[in-house]
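The lines below spell out each chain.
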Amino acid sequence: MKEPCRTCDEREKDFGGYHSQAFKLTGDPTNADPTCAKSPHHHLVEKAIDKSKSKLL
């Protein structure tokens, strides 16, 4: 498990998140789940949300 998951105080609850989402969004299933705010890839989720909101307008 990569950082920030390796030393995260939430890892006992979420087990490092969903690795399938990490793979789908980053191409590497060992990355932190991008839906987690602590993930260095969280910006990908925020970008997708912003994009979907702009399509609704």
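A short tour of the structure in this document, coming up.

Analysis parameters
- Residues numbered from 1 in each chain as written.
- Predicted model: local features only at pLDDT ≥ 70, side-chain atom pairs only at ≥ 80, totals over all residues.
- Heavy atoms only, no water.
- Helix = DSSP H or I, 4+ residues; strand = E, 2+ residues; numbered from the N terminus.
- Buried < 20%, exposed > 50% of the residue type's maximum accessible area, 1.4 Å probe, protein only.
- Polar contact = N/O pair within 3.5 Å; in protein donor to acceptor, adjacent residues only side chain to side chain.
- Salt bridge = Lys/Arg side-chain N within 4 Å of Asp/Glu carboxyl O.

1. Considerations on the side chain of N31
Along the polypeptide, N31 turns up in the loop between α2 (19–26) and α3 (42–56). Classification of N31 by relative accessible area gives buried; the value is 10%. Polar side-chain contacts of N31 include one of 3.1 Å to the side chain of K2. At 2.9 Å, the side chain of N31 forms a polar contact with the side chain of T26.

2. Looking at the pattern of salt bridges
All told, the structure shown has three salt bridges when counted by the stated rule. D9 is the salt-bridge partner of K38, the closest N and O atoms lying 3.2 Å from each other. Of this pair, K38 sits in the loop between α2 and α3 while D9 sits in the segment before α1 (11–14), and the two are 29 residues apart along the sequence. Residue classification places K38 among the partly exposed positions, given a relative accessible area of 44%. Under the relative-accessibility criterion, D9 is labelled exposed at 61%. For E10, the salt bridge goes to K13, with nearest N and O atoms at 3.5 Å.

Everything listed here is a matter of coordinates, which is why it stays silent on function.
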